[in-house]
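Fold and contact review
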Amino acid sequence: MARSRRPLIAGNWKMNGLTADALALAGSVAEGVKQAGWADREVLICPPATLLIGIARAVKGSGVLVGGQSCHAAASGAHTGDISAEMLRDAGASHVIVGHSERRTDCGETDAVVRAKAEAAWRAGLLPVVCIGETLAEREAGRTLTVLETQLKGSVPAGATAARLVVAYEPVWAIGTGKTPTTAEVAAAHAHIRRVLGGLVPDANAVRLLYGGSVKGSNAGELLAADDVDGALVGGASLKADEFLAIAKAA
Ligand code: 13P
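What you see is a predicted model, and the numbers here were worked out from it, not measured in a lab.

**Structural notes on helix H8 (residues 183–197)**
With 15 residues, H8 should cover 21 Å at 1.5 Å per step; its first-to-last C-alpha distance of 21 Å lies within 8% of that length. All buried positions along H8 are accounted for by Val186, Ala187, Ala189, His190, His192, Ile193, Arg194, Val196 and Leu197. Buried-residue contacts for H8 involve strand E5 (127–132), helix H7 (144–155), strand E6 (166–169), strand E7 (208–212) and helix H9 (217–224).

**Observations concerning the packing of H7 against H8**
As a packed pair, H7 and H8 sit with axes 10 Å apart at the nearest point and diverge in direction by 40°. By the angle between their directions, the pair H7 and H8 is classed as oblique. Handedness of the H7/H8 crossing: right-handed. In contact with Leu145, Leu148, Glu149, Leu152 and Lys153 of H7, H8 contributes Ala188, Ala189, His192, Ile193, Val196 and Leu197. Each residue belonging to the contact of H7 with H8 can be placed in one class, and the counts come to 8 nonpolar, 1 polar and 2 charged.

**Regarding the site of the ligand**
Close contacts around the ligand come from 13 residues, with Lys14, His100, Gly176, Ser214 and Gly236 the closest. Take Lys14: an N or O atom from its side chain is 2.8 Å from an oxygen atom of the ligand. Separating an oxygen atom of the ligand from a backbone N or O atom of Ser214 is a distance of 2.7 Å. Surface burial for the ligand is 95%, taken as the share of its 310 Å² of free accessible area covered by protein chains. The residue makeup of the shell around the ligand, split by class, is 4 nonpolar, 7 polar and 2 charged.

**A short note on the pairing of strand E4 (residues 95–98)**
Alternating positions in E4 separate into two faces, His95 and Ile97 on one and Val96 and Val98 on the other, with burial throughout. Alignment of strand E3 (residues 65–68) against E4, held across 2 bridges, turns out to be parallel. Bridge assignment links Gly67 to a residue of E4, and that residue is His95. In the classification by handedness, the crossover that spans E3, the intervening helix H3 (residues 85–90) and the parallel E4 is right-handed. As judged from the 4 bridges shared by E4 and E5, these two strands associate in the parallel manner. The residue of E5 that forms the bridge with Ile97 is Val129.

**Re the sheet that holds E7**
Spatial strand order, E1-E2-E3-E4-E5-E6-E7-E8: 8 strands in a closed barrel with parallel pairing. Neighbour-to-neighbour, the strand axes of the sheet open up by a mean angle of 25°, direction not taken into account. Along the sheet face, helix H5 (residues 111–124) touches E4 and E5 and points at about 165° away from the line of E5.

**Points about the side chain of Ser62**
For Ser62, the position within the fold is in the loop between helix H2 (52–58) and E3. Here Ser62 falls in the buried class, since its relative accessible area comes to 10%. Reaching out from Ser62, the side chain makes a polar contact with the backbone oxygen of Val59 at a distance of 2.6 Å. A polar atom in the side chain of Ser62 sits 3.1 Å from the backbone nitrogen of Val64.

The rules behind these values
Residues numbered from 1 in each chain as written. Predicted model: local features only at pLDDT ≥ 70, side-chain atom pairs only at ≥ 80, totals over all residues. Heavy atoms only, no water. Helix = DSSP H or I, 4+ residues; strand = E, 2+ residues; numbered from the N terminus. Expected span 1.5 Å × (residues − 1). Buried < 20%, exposed > 50% of the residue type's maximum accessible area, 1.4 Å probe, protein only. Contact = heavy atoms within 4.5 Å. Axes fitted to C-alpha atoms, helices over the stretch in contact; angles between N-to-C directions. Parallel < 35°, antiparallel > 145°, perpendicular 65-115°, else oblique. Left-handed = near helix turned anticlockwise from the far one by under 90°. Nonpolar A, V, L, I, M, F, W, Y, C, P; charged D, E, K, R; others polar. Near = heavy atom within 4 Å. Polar contact = N/O pair within 3.5 Å; in protein donor to acceptor, adjacent residues only side chain to side chain. Areas by Shrake-Rupley, 256 points an atom, 1.4 Å probe, with all protein chains shown as cover. Pairing = 2+ DSSP bridges. Right-handed = clockwise from strand over helix to strand, strands pointing away.

See below:
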C-alpha cells in the first residue's frame with residue numbers, strides 16, 4: 001500500500017439499524033477510534049438515512065466520518081422517496097456510496113445513473129465511493145476485467161481526481177456470502193482498475209481503491225495487504241463494533 005494513499009475503512013450498514021442499537025454501535029465505534037487515535041487512516045460509517053443526523057452528532061469529535069448509501073442525481077424536486085446529496089451533506093455526511101451492486105440490481109441503476117450520482121455528490125461537496133464488481137457468471141466466463149473496465153468508464157465522471165473519487169471493488173458473488181477472491185485475484189483486479197483509471201483520472205496512482213465483499217476481522221489483514229488495496233468497504237462485519245474496529249486496526 002503506497003504511503004500517499006491513506007487507508008479508508010468504510011462500514012456500509014445497508015438497511016439495518018433502529019435508533020437505540022444504532023446509536024450504541026456508532027458510539028462504540030467512535031470510542032474505539034478515539035482511543036486508537038489513528039492519524040494514518042480514515043474510518044467511515046454509512047448508516048441508513050434515517051440515522052444520519054443522530055449518528056453524525058453521536059460521533060462528533062471522534063474522527064469517525066459519516067456517509068450516505070446512495071443519493072438522487074437532482075438537488076431537489078419531485079422525486080418521492082429519494083434523498084439528494086445536498087440533504088446528506090445537510091445531515092452531516094461527508095461521503096456517499098454510489099453504484100452499490102444492490103442498488104444496481106434492486107433499483108436498476110446503470111453506469112450512467114451512477115455517474116450522475118457521483119456528479120451530484122461533487123455538487124453537494126461529498127466524496128463519492130463508486131462501486132463496481134462482477135457477478136459470478138461474469139467471473140466464470142472470464143469477463144471480470146472487461147466488466148470492471150466497462151463499469152469504470154461508464155460510472156466515473158469526467159473531471160475526476162484522486163481527491164474527488166474513491167473506487168470500491170466489490171465482486172457481487174463475495175457480498176454477504178463468506179466467499180472472497182484470493183489476494184492474488186484482488187490484487188489483479190485492483191491493478192487493472194488502476195490501469196483503467198490511468199485513462200480517466202490525471203493522478204490515478206493516488207486514487208484510493210477499496211475492496212469489499214465478506215471482509216471480517218480474521219481476513220482483513222490479508223486482503224488489505226494485497227497490492228493496490230487502500231482500504232475496505234464492509235457490510236455485515238460493520239454491524240459489530242469489535243469486528244469493524246479489528247478491520248480498521250488491520251489497515
Ligand atoms: P459484506 O461485507 O456483508 O459481504 O457486504 C459487503 C458490501 O456490500 C459492502 O458494501
